[in-house]
Amino acid sequence: MPNLSVTAPNEGKAGLIPAKTEPENLECPLGLVTTWLVPNELFYIRNHFPYPQIDMATWSLSIGGQCQRPVAFHYDELLKMPRVTKNVTFECAGNKRSFLTPPAAGEQYGIGAVGNAKWTGVPLSYLLDLTQIDAGVQEIIFTGSDSGQRPDMPGEFNYQRSLPFQKELLAECLLAYEMNDEPLPFKHGAPVRLIVPGWYGMANVKWLTGITASATPFEGPFQAVDYLYLQREDDYQQAVPVTEMKVNSVITWPSRGEVLKPGTYVLRGLAWTGKGMITKVSVSTDDGMNWTDAILASPEHQQFTWTFWEYTWTISSPGHYSLMVKAEDSLGNQQPRVSAWNVKGYGNNMMHQVPAFVPGTPMVH
Ligand SMILES: Nc1nc2c(c(=O)[nH]1)N[C@H]1C(S)=C(S)[C@@H](COP(=O)(O)O)O[C@H]1N2
Ligand SMILES: [Mo]
């Protein structure tokens, strides 16, 4: 593999919606996604720091910490290990933040910080087993090679996150070096990134360089300051960590501002959840008064992946309509009409609402 760095702005990512350019944060135009797996060029991007520079001649992945046998592997060695492929949808915890009232600080994402892709790589448990992790280990820490400063504290930090040392959770995870059957694109974390099925996107550490077993809880800022549901700015005592995705859904057609005529249309969208399966999607065209089931329209509907939904709507008379969608999953989770607000604006799964206008007489300007 050649050395990895970004050579041109917007490289490979034309058509995405910029939320911020430095560091680069791009939303996916979900209305343009017609395939169940999002093409790599259209997959959203979320970065906390500028892109790292990676010298593949010296790059290796070290796995150590509280264990009997620390190890390190070059890229070519990882490719020769057992491999696993999983389709996984992930959503940025800040997706739909712009719909919160009052506003919450952070990237003001609309609905497009979510995507579904096919990931291939080494099972995480395979690598952890090689190291013979010590009794008493509580967490596994994952280190990305990107680093920089934060506005809220002095110092230089790498992007680092931990997972609890729970066998079932870790058994689901993989270290991906392929995305949709292509080598993992640099902007998505090449040479290898972590994939944690069912969790919000922050868990999927890109540009991995280190995996460390730890006997104490990890206190890095992307663990202990960010990605916590906080009710008050200073209330870290009561904070709940952001982990699994909540059940969520969006309308991808029509989009806001679409002018429609009386007639029959197919409304379209997507629904996803954390651990369960999407069992039901309902649509309202009258601002949530009446609801009708939509059709779950994905050819493949699997755990940890999103599903398309469709709903045939016949408009008989002009007027202003409020289209809404809500989804339910097999674990009984439902979407709230108004999200539980939190200081950092995470996990907003309130029902998505799109106004539609059907003019009845010629519009006068
Ligand atoms: N090293 C590193 N990994 C990272 C991040 C980052 O800034 N640096 N951002 C995280 C967040 S918040 C999200 S939502 C996902 C986004 O992955 P993507 O850019 O491939 O869509 O990556 C996660 N992994
Ligand atoms: Mo995110």
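Everything numeric in this text was worked out from a predicted model, so none of it was measured.

Quick notes on the overall build of the protein chain
- When helices and strands are tallied, the protein chain shows four helices and 22 strands.
- For 365 residues, the compact-globule formula gives about 21 Å, and the C-alpha radius of gyration of the protein chain, at 22 Å, lands near that figure.
- For the protein chain, the C-alpha atoms occupy an extent of roughly 75 × 45 × 40 Å along the three principal directions.
- When the 365 residues of the protein chain are sorted by exposure, 53% land in the buried category.

Observations regarding the sheet that holds strand S4 (residues 71-73)
- On the basis of which strands lie adjacent, the open sheet formed by five strands has the order S4-S3-S12-S7-S8 and mixed pairing. Looking at which strands have only one partner, the edges of the open sheet turn out to be S4 and strand S8 (153-164). Taking the axes of each pair of neighbouring strands and ignoring which way they run, one obtains an average angle of 25° across the sheet.
- Here strand S3 (residues 61-65) pairs with strand S12 (residues 208-214) via four bridges, running parallel. In the strand pairing of S12, Gly-65 is matched with Ala-213.
- Against the sheet, helix H2 (residues 124-131) makes contact with S3, S4, strand S7 (139-150) and S12, and its axis sits at roughly 50° relative to S3, the strand it touches most.

Digging into the packing of aromatic side chains
- This structure, assessed with the given rule, holds 14 aromatic pairs.
- On the basis of an interplanar angle of 70° and a centroid distance of 6.0 Å, the ring pair of Tyr-44 and Phe-90 is categorised as edge-to-face. Residue Tyr-44 is located in the loop between strand S2 (25-27) and S3, and its partner Phe-90 is located in strand S5 (residues 84-91); the two are separated by 46 residues in the primary sequence. Summarising the burial analysis for this pair, Tyr-44 and Phe-90 share the class buried.
- Look at Trp-272 and Trp-306: their rings are 6.5 Å apart centre to centre, the planes differ by 50°, and that puts the pair in the tilted class.

Details of the UniProt feature "domain: Moybdenum cofactor oxidoreductase dimerisation" (unreviewed entry) in the protein chain
- Here, the residues flagged by UniProt with the feature "domain: Moybdenum cofactor oxidoreductase dimerisation" (unreviewed entry) are residues 242-354.
- With 0% helix and 44% strand, residues 242-354 has its two end C-alpha atoms placed 27 Å apart.

Some words on the site of ligand 1
- Near ligand 1, the surroundings consist of 19 residues, among which Tyr-44, His-48, Asp-146, His-188 and Lys-206 are the closest.
- The contact in question runs from an oxygen atom of ligand 1 to an N or O atom on the side chain of Arg-193, over 2.8 Å.
- Asn-204 places a polar main-chain atom, nitrogen or oxygen, 3.0 Å from a nitrogen atom of ligand 1.
- Here ligand 1 has 530 Å² of accessible area as a free molecule, and 100% of this is covered by the chains.
- In the shell around ligand 1, the residues fall into ten nonpolar, five polar and four charged.

As for the domain arrangement of the protein chain
- Domain boundaries assigned for the protein chain yield domain 1 (17-241) and domain 2 (248-358).
- The distance between the C-alpha centroids of domain 1 and domain 2 comes to 28 Å.
- Listed per partner, the contact involves 41 residues of domain 1 and 29 residues of domain 2.
- Of the roughly 2900 Å² buried between domain 1 and domain 2 on both sides combined, carbon and sulfur atoms contribute 61%.
- Looking only at domain 1, the three residues that lose the most surface to domain 2 are Trp-36, Lys-96 and Leu-100, adding up to 25% of its buried area.
- Inspection of the domain 1/domain 2 interface yields one salt bridge.
- The partner of Asp-226 in a salt bridge is Lys-344, and the shortest N-O contact between them spans 2.9 Å.
- Those elements giving two or more residues to the side of domain 1 that touches domain 2 turn out to be S5, strand S6 (114-123) and strand S13 (228-229).
- A total of four residues in the side of domain 1 that touches domain 2 trace back to one element, the largest contributor, which is S5.
- A breakdown of the residues in the side of domain 1 that touches domain 2 according to their chemical character gives 22 nonpolar, twelve polar and seven charged.

A closer look at the pairing of S7
- Counting buried residues along S7, nine of its twelve residues qualify, which places the element largely inside the surrounding structure.
- In this sheet, S8 lies alongside S7 in antiparallel orientation, the contact comprising nine bridges. Its bridge partner being in S8, Gly-148 is matched across the sheet by Phe-157.
- Adjacent in sequence and paired antiparallel, S7 and S8 are bridged by two residues.
- Relative to S12, S7 runs antiparallel, the two being bridged by six bridges.

Conventions we followed
Here, residues in each chain are numbered from 1, in the same order as that chain's written sequence. Chain A is the first chain written and ligand 1 is the first ligand written, with later ones labelled in order. Restriction of local features to residues with pLDDT of at least 70 applies here, the model being predicted, together with a cutoff of 80 or more for giving and counting side-chain atom pairs; totals for whole chains, interfaces and linings are based on all residues. Side-chain descriptors were evaluated using all non-hydrogen atoms of the structure, hydrogens and water having been removed beforehand. Strands are runs of DSSP state E lasting at least 2 residues, helices are runs of H or I lasting at least 4, and numbering of each runs from the N terminus. Here the globule rule reads 2.2 Å times residues to the power 0.38, and the radius of gyration is calculated from C-alpha atoms. Accessibility here uses a 1.4 Å probe with only protein chains present; expressed as a share of the type maximum, an area under 20% marks a residue as buried, one over 50% as exposed, and anything in between as partly exposed. Strand pairing is defined by DSSP finding a minimum of two bridges between the two strands. Note on geometry: axes are lines fitted to C-alpha atoms, helical ones only across the stretch in contact, with angles between N-to-C directions running from 0 to 180 degrees. Two residues qualify as a contact provided that any one of their heavy atoms is within 4.5 Å of a heavy atom in the partner residue. In this analysis, rings of Phe, Tyr and Trp, with Trp reduced to its six-membered ring, are considered paired at centre separations within 6.5 Å, and the interplanar angle assigns stacked below 30 degrees, edge-to-face beyond 60, and tilted for intermediate values. UniProt positions are given in the numbering used here, feature names are shortened, and annotations may be inferred rather than shown by experiment. Each residue is tested against the molecule or strand, and it is near if at least one of its non-hydrogen atoms lies within 4 Å. Polar contact is defined as a pair of N or O atoms within 3.5 Å, subject to the rule that within protein one atom must be able to donate a hydrogen and the other to accept it, and that residues adjacent in sequence are counted only when both atoms are side-chain atoms. Using the Shrake-Rupley algorithm and a 1.4 Å probe, accessible areas are obtained, with residue cover drawn only from the displayed protein chains. Ten residue types, Ala, Val, Leu, Ile, Met, Phe, Trp, Tyr, Cys and Pro, are classed as nonpolar, four, Asp, Glu, Lys and Arg, as charged, and the remainder, Gly among them, as polar. In this entry, domain limits derive from an automatic or database-based domain assignment. As used here, buried area is the combined drop in accessible area, with a 1.4 Å probe, of two parts when they are placed together. Here, a salt bridge means any side-chain nitrogen of Lys or Arg that lies within 4 Å of a carboxyl oxygen of Asp or Glu.

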